[in-house]
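The residues making up each chain are set out below.
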Amino acid sequence: MTTDSKHFLSGRKIIVSGAGIGGLTFVLSLLQFWDTEIPPPEVVIVDTDSRDESINRWPYELLLNSEIDASSLVALRDLGLYDKVKARAEHSAHPGAVANVWDKSWKPVLTVKPKLFEGFTSSSLRISRTALLTVLIEALEAKTKITWKTSVHDAKRLPDGRLSVSLLDKASGATSQQECDVLVAADGDESTIRKLFRPKDISQPTGHVAMGGAVDFGSLTSVPSEININSGIIVSGDGVASGVLHIRGNGTVVWALYKEEKSPRTDYDKKDKDQFAAGGVQSTSGETLSELVVRLDSQFEDDIGLFVLFFLNFVKLQAGEALFLVADDIHAYVSGDIIECMAASDNVVRAGFTPKFKDVSTLVDMLTYNYAPIDEQKMTPTEYPYATLNRAGYSSGSAVLLYDPPIDEFAVVRSVLRGPDAKATFEPLDGPSIVICTNGSGTISVGPTSYEMKEGYVFFVGSTAELVLESTTGEDEEFTTFKAFCEVDDGAKEKL
Ligand SMILES: Cc1cc2nc3c(=O)[nH]c(=O)nc-3n(C[C@H](O)[C@H](O)[C@H](O)COP(=O)(O)OP(=O)(O)OC[C@H]3O[C@@H](n4cnc5c(N)ncnc54)[C@H](O)[C@@H]3O)c2cc1C
């Protein structure tokens, strides 16, 4: 190890845990401003996420200022990144913009003109975290390697004062040890390193906590003139204040409501769960709703789709029960296994709780906005008259039930054949069927052709063919299949 007494980090090994805003700017500054006459430190920077996950995880926008020499935009300028950041910014503050405190009638009670740090023409800009991180990552990758999908999951101080750091490679699950002189905790709000070395330091925000969102006024001309250029806070005089901040030239304004939290916010108090949502509704108790909200929030964190559940019926279906949903009715499957049969359609439009594409405006346009109690939407299955059970089937209590929705496109038959040799013979139909097995094992025969069938197997059965299902399960087991079918002539489903 070559060291130089002129700098305490010379020749040392530094591990930086976290390639977020803090970790990236720390390493960039260290490498950029290091005196090339002095042997440099060895820097290893790791992040638990993949490069893409890290860039895209939090899409919120950041306000970056340039008022004093310690401001973020001044630091970015010193790193030679200001122009790149500005080029990707959503909005730069107007050079003449002021910050106001307005009363209810937009009369300024207080006006502050932000200072401009030397060389800057605008006091602040807004940039998405995604864009800022992309600029920082690309700049650092031009100088050194970032090790993605690797987390610091343990660290110990050694007797000689150095540190032994345990790294977890998330792709392989393998752990490795590295020794270093300095371990930089840039691993965010939930820092693992802080928990290891300062377990009592817990971040508990108090004071004025902002809750907010964005309003799209459609165009710049429809934004109230008071906030067209300037930002500020409207005080109501009743103890409630709303902050407004014009962010883009297209007429989008962010707002926030401020609420004082006198003590650290606690997690939702589960003791009150039966009182949650005013005790719930007739079909769903407060206790059930509270469990659902907490569970869904843990599965899809920070997803505004969570609130949709308060507009929907929450239905727990038992095996064999079914619901009919008309086209364009909003619905969400929460858990468990179901069979869904859907008429031919060219789209599924999603609004939340999904990593897939969301198209909220199309969904909002196309929804039915109908409502009905759960019982009215449940289907009552009836015995399917065009299937015959053999003796083994009858005596074992096997059943073939029809779920016939009030539309022409399709119907579904559920067959539960209990025990070995139970058999159901289906009369030919003037239309095709699709048969899926969800439980047990058996055979499916169409004319002289016979195939093995078990859980997960799916068969297409052509029109006018006689179909036979036969169980090969053990004594107390069931061979369960669902057959979706339609009849294609004018008298669709005429047999029903
Ligand atoms: C909604 C919102 C709005 C905000 N608005 C602003 C704003 O307008 N202006 C502003 O200046 N600030 C704003 N902030 C704050 C700002 O985003 C944070 O201060 C900043 O991101 C903190 O950077 P960081 O590098 O410390 O942590 P992070 O950006 O959280 O980065 C931590 C990194 O560490 C990684 N990591 C975690 N654990 C480990 C581990 N064990 N091993 C290895 N890697 C690990 C994570 O994957 C992550 O990449 C806002 C924050 C939020 C949530």
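Residues numbered from 1 in each chain as written. Predicted model: local features only at pLDDT ≥ 70, side-chain atom pairs only at ≥ 80, totals over all residues.

Caption draft 1: How the structure looks around the sheet that holds strand E5 (residues 99-102). Taken together, the six strands give an open sheet; going across it, the order is E6-E5-E14-E15-E16-E13, and neighbouring strands pair in mixed fashion. Lying at the two open borders of the sheet, with one neighbouring strand each, are strand E6 (108-112) and strand E13 (207-216). With strand direction ignored, the average angle separating the axes of adjacent strands in the sheet is 20°. Two elements, strand E14 (residues 231-235) and strand E15 (residues 241-246), share four bridges in a ladder whose sense is antiparallel. When the bridges of E15 are listed, Ile233 appears paired with Gly243. (Pairing = 2+ DSSP bridges. Helix = DSSP H or I, 4+ residues; strand = E, 2+ residues; numbered from the N terminus. Axes fitted to C-alpha atoms, helices over the stretch in contact; angles between N-to-C directions.)

Caption draft 2: Expanded view of the site of the ligand. Surveying the vicinity of the ligand reveals 23 residues, the closest of which are Gly18, Gly20, Gly22, Ser151 and Gly188. Looking at the shell around the ligand, the elements with two or more residues in it are helix H1 (21-33), strand E3 (61-65) and strand E9 (150-157). Of the residues forming the shell around the ligand, the biggest block, three residues, is contributed by H1. Along the lines of polarity and charge, the residues of the shell around the ligand split into eight nonpolar, eleven polar and four charged. (Near = placed C-beta within 6 Å. Nonpolar A, V, L, I, M, F, W, Y, C, P; charged D, E, K, R; others polar.)

Caption draft 3: Broad picture of the environment of Ile304. Here Ile304 is to be found in the loop between helix H7 (286-299) and strand E17 (322-323). Separated by 188 residues in the primary sequence, Ile304 and Leu116 place their C-alpha atoms 37 Å from one another.

Caption draft 4: Representation of the packing of H1 against helix H5 (residues 129-141). One way to put it is that H1 packs onto H5 with a least axis distance of 10 Å and a crossing angle of 35°. When you trace H1 past H5, the crossing you get is left-handed. On H5, the residues touching Ile21, Leu24, Thr25, Val27 and Leu28 of H1 are Leu132, Leu136, Ile137, Ala139 and Leu140. Of the residues contributing to the contact of H1 with H5, the split by class is nine nonpolar, one polar and no charged. (Left-handed = near helix turned anticlockwise from the far one by under 90°. Contact = placed C-beta atoms within 7 Å.)

Caption draft 5: Here's a closer look at the pairing of strand E10 (residues 163-169). Relative to E10, E9 is paired through seven bridges, and the arrangement is antiparallel. Bridging from a neighbouring strand, Ser151 pairs with Leu168 of E10. Relative to strand E11 (residues 175-180), E10 runs antiparallel, the two sharing six bridges. Residue Ser164 lies in a different strand from E11, and its bridge partner there is Glu179. Taking the residues that link successive antiparallel strands as the turn, the E10-E11 hairpin has five residues, and the phi of Gly173 there is positive, at about 80°.

Caption draft 6: Expanded view of the sheet that holds E9. Reading across from one edge, E9-E10-E11 is the order of the three strands in this open sheet, with antiparallel pairing throughout. Edge positions in the sheet fall to E9 and E11, since each has one partner strand and no second. Across this sheet, the average inter-strand angle for adjacent strands is 25°, counted without regard to direction.

Caption draft 7: Structural detail: the nonpolar core. Counting 35 residues, the largest nonpolar core has Val16, Val27, Val85, Leu136, Val165 and Leu183 as the members making the most contacts within it. At six residues, the largest contribution of residues to this core is made by H5. Once residues lying within four places of it in the same chain are set aside, the contact partners of Val16 are Gly23, Phe26, Val27, Val43, Ile45, Val184 and Ala186. Grouped together as the second largest cluster of nonpolar side chains are 24 residues, Val400, Tyr403, Val413 and Leu417 included. (Core = buried A, V, L, I, M, F, W, Y, C linked by C-beta atoms within 7 Å. Buried ≥ 20, exposed ≤ 12 C-beta atoms within 10 Å, placed from the backbone.)

Caption draft 8: Spatial organisation of H1. Taking 1.5 Å per residue, 13 residues should reach 18 Å; H1 reaches 18 Å between its end C-alpha atoms and fits that length. Of the positions making up H1, those classed as buried are Gly23, Leu24, Thr25, Val27 and Leu28. (Expected span 1.5 Å × (residues − 1).)

Caption draft 9: Layout of unusual backbone geometry. For Tyr369, which is not glycine, the phi dihedral falls at a positive 60°. Within the secondary structure layout, Tyr369 lies in the loop between helix H8 (360-366) and helix H9 (374-377). Judged by the 9 C-beta atoms lying within 10 Å of it, Tyr369 is exposed.

Caption draft 10: Summary view of H5. The end-to-end C-alpha distance of H5, which contains 13 residues, comes to 18 Å, matching closely the 18 Å that a straight helix rising 1.5 Å per residue would cover. Leu132, Leu133, Val135, Leu136, Ala139 and Leu140 are the residues of H5 that are buried. What you see down the axis of H5 is that its buried residues fit within an arc of 160°, all on one side. Within H5, the exposed residues directed more than 90 degrees away from the buried face are Glu138 and Glu141. As for H5, its buried residues are in contact with H1, helix H2 (51-56), E3, helix H4 (82-87), strand E7 (124-128) and strand E8 (146-147). (Arc of directions from axis to C-beta.)

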